[in-house]
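Notes for the structure review
Read off the chains here:
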Amino acid sequence: MASGLSSLSDKQSRMFQTNDDVILSMRAYNLTIGLTVLYGVIVNALLSYYFAPQILAINPIALLIGYFVLVFIGSFITYRSKSPVMSFVGYNLVCLPIGAVLTVCVQGYSAEVVGQAFILTAVITGVMLLASTAFPGTFAGMGRMLFIGLIGIIVANIVCLLFTIQTTLISWAAAVLFSLYIGYDWVRAQQYVPTLDHAIDSALDIYIDVVNLFLQLLAIFGNSDDN
């Protein structure tokens, strides 16, 4: 699944660059971030619930290619556009293919496992938002460590895939990593100029963190259920 990080230059531009977008109050700005993330989650849930047969009928290779193409294009549009309308279009181009891939991923797990992973993802997300709000300095300094950890997780997953090694420990490490990323990206969002466009950009960062956390918890609960 795609990383929750946009490029450094994109994030820096959110701190200094202003445009024709209206400046929001911090309450409205944060509410927009939260509602946009929630919107993405709801879209994914609706896709999985109502369109699973159609999605599962798609050729896996075509689905994978479409996923990477649309996520790349959607991310590019969201992070590069200064228009909130275009950024939201890009956000949808990311949410839809991720929802399709999630629909395929959850097929291998029971409804109980999916429910457990979903609930714990929601709880952890809430806890990390509260923790990062209470201790912003701690989370703000995690950027380099989290990036190195992300690279390590990617390399470890590749090695395990090549040598068919059990990845439960890596799933736990990745779950911790993406939990911290949620707090980190929330703190970063508070440092940006509070515009509608920047709220959507920040929501995409957090949304992808949440999706990655859900996938890791799904793998952990799934392995536990199998045992």
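A short tour of the structure in this document, coming up. As the structure is a prediction and not an experimental result, all values here were calculated from the model.

1. What to know about the overall build of the chain
Along the chain, the regular secondary structure elements total ten helices and zero strands. Among the 227 residues that make up the chain, the fraction classed as buried is 44%. Counted over contacts in the chain with a minimum sequence separation of 6, partners at least 24 positions apart contribute 86%. Just so you have it, the chain exposes about 11700 Å², and 73% of that area is on carbon and sulfur atoms.

2. Some thoughts on the nonpolar core
Of all hydrophobic cores here, the largest spans 50 residues; its most connected members are Ile33, Ile98 and Tyr207. A total of 15 residues in this core trace back to one element, the largest contributor, which is helix H10 (residues 196-226). Here isoleucine 33 is in contact with Trp186, Ala189, Ala199, Ser202, Ala203 and Ile206, once residues within four sequence places are set aside. Ranked by size, the runner-up nonpolar core spans five residues in total, among them Leu47, Ile55, Leu63 and Ala100.

3. With respect to the packing of helix H2 (residues 26-50) against helix H5 (residues 84-105)
Where H2 contacts H5, the two axes come as close as 8 Å, and the packing angle between them is 40°. Between H2 and H5, the crossing angle belongs to the class labelled oblique. The element H2 and its partner H5 pack so that their crossing is right-handed. Taking contact as the criterion, the partners of Thr36, Val37, Tyr39, Gly40, Val43, Asn44, Leu47 and Ser48 in H2 are, on H5, Phe88, Tyr91, Asn92, Cys95, Leu96, Ile98, Gly99, Ala100, Leu102 and Thr103.

The rules we used
- Residues numbered from 1 in each chain as written.
- Predicted model: local features only at pLDDT ≥ 70, side-chain atom pairs only at ≥ 80, totals over all residues.
- Heavy atoms only, no water.
- Helix = DSSP H or I, 4+ residues; strand = E, 2+ residues; numbered from the N terminus.
- Buried < 20%, exposed > 50% of the residue type's maximum accessible area, 1.4 Å probe, protein only.
- Contact = heavy atoms within 4.5 Å.
- Areas by Shrake-Rupley, 256 points an atom, 1.4 Å probe, with all protein chains shown as cover.
- Core = buried A, V, L, I, M, F, W, Y, C linked by side-chain atoms within 4.5 Å.
- Axes fitted to C-alpha atoms, helices over the stretch in contact; angles between N-to-C directions.
- Parallel < 35°, antiparallel > 145°, perpendicular 65-115°, else oblique.
- Left-handed = near helix turned anticlockwise from the far one by under 90°.

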